[in-house]
Amino acid sequence: MGATGLCLSSLLRVATLILSLWLVPTLALADPKEKAEEEESPDEKFANSFLGKVYQSEIEIDGWTDLGGGLVIPPVYVRHYQREDGTYLVLTSREVAKATRTEPASYVVADALIVPKPKGGTEFSIACVQGKDETLRFMGEAKGSATKEWWTDVRRAWEIALDTGEIASVKPKGIRCTNVSWGQ
């Protein structure tokens, strides 16, 4: 081997050493961080325990008040509950069997969402829309005047997928939510 071969070989070893020194600490730091992000809170575990549950009529949950819900768009339904500490649980379901003369309709839970008690004067609503589409497929934390039926100051929002019932966080721009105390 000539001088060029030794230089390239040495450069390759030095580059490999630098790369390994750079990657080892990065990989060592990545594992605990990824595990921490993957770990679910007890509330998230509880909510996710409903995924795939098949039921007829309604789901009663000990320690949670059923606040109601309804049809989003066939076959997707939404229902929400509240715990004494103000935390909300939202379940979306898909109708899997229509009611017959002898059997009620059957549903399967498609997704679940835990929303901690809203802060700063906001309220949680499962009846939100975006733009001119009046389909109540959005949920949000909003606030506004008690004299207004619709609130446009939406802080956080979620969308229910009309085909699957899955819930995803979305930007609140253009979303308005019903005043939860309207008409009471």
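Our structure is the block above this text.
Residues numbered from 1 in each chain as written. Predicted model: local features only at pLDDT ≥ 70, side-chain atom pairs only at ≥ 80, totals over all residues. Heavy atoms only, no water.

With respect to the helices, strands and loops of the structure, K148 is situated in the loop between β7 (133-143) and β8 (150-151). K148 sits 31 residues away from N179 along the chain, and the two C-alpha atoms are 7.0 Å apart. (Helix = DSSP H or I, 4+ residues; strand = E, 2+ residues; numbered from the N terminus.)

Every other side chain in a regular strand lies on the same face of the sheet, so the side chains alternate between the two faces. Relative to strand β3 (residues 76-83), strand β2 (residues 64-73) is paired through eight bridges, and the arrangement is antiparallel. Residue pairing in the sheet places L71 in a bridge with Y77 of β3. In this structure, the hairpin formed by β2 and β3 is closed by a connection of two residues. Pairing between β3 and strand β4 (residues 88-97): seven bridges, direction antiparallel. Across the sheet, residue V76 finds its bridge partner in β4, namely R94. Hairpin connection from β3 to β4: four residues lie between these consecutive antiparallel strands, with G86 at a positive phi of about 95°. (Pairing = 2+ DSSP bridges.)

Structurally, H80 can be placed in strand β3. By relative accessible area, H80 is classed as buried at 10%. (Buried < 20%, exposed > 50% of the residue type's maximum accessible area, 1.4 Å probe, protein only.)

Right, let's talk about the packing of aromatic side chains for a bit. Centre distance and the angle of the planes are the two values used to describe a pair of aromatic rings. Scanning the entire structure with this criterion turns up six aromatic pairs. Geometrically, the ring pair formed by F46 and W64 is stacked, given 5.8 Å between the ring centres and 5° between the ring planes. Taken together, the residues F46 in helix α2 (residues 42-48) and W64 in strand β2 connect sequence positions 18 residues apart. With relative accessibility at 28%, the residue F46 sits in the partly exposed group. Overall, W64 belongs to the buried group, its relative accessible area being 11%. Seen in terms of ring centroids, Y88 and F124 are 4.9 Å apart; in terms of plane orientation they differ by 40°. Their pairing is tilted. Of this pair, Y88 sits in strand β4 while F124 sits in strand β6 (residues 123-130), and the two are 36 residues apart along the sequence. Each member of the pair, Y88 as well as F124, carries the same accessibility label: buried. (Phe/Tyr/Trp six-rings, centres within 6.5 Å; stacked < 30°, edge-to-face > 60°.)

What follows is about the nonpolar core. If you look at the biggest cluster of nonpolar residues, it comprises 14 residues, and the most contacted ones within it are F50, I59, I61, Y81, L89 and L91. If you list the elements that add at least two residues to this core, you get β4 and β5 (106-115). In terms of residue count, the dominant contributor to this core is β5 (four residues). Counting 13 residues, the second-largest nonpolar core is a separate cluster that includes F124, I126, M139 and I167. (Core = buried A, V, L, I, M, F, W, Y, C linked by side-chain atoms within 4.5 Å.)

A word on the side chain of T92. For T92, the location among the structural elements is in strand β4. A residue is classified by how much of its surface remains accessible, and T92, at 0% relative accessible area, is buried. Discounting chain neighbours no more than four positions away, the residues touching T92 are Y77, V78, V108, V109, A110, D111, I160, G165 and I167. (Contact = heavy atoms within 4.5 Å.)

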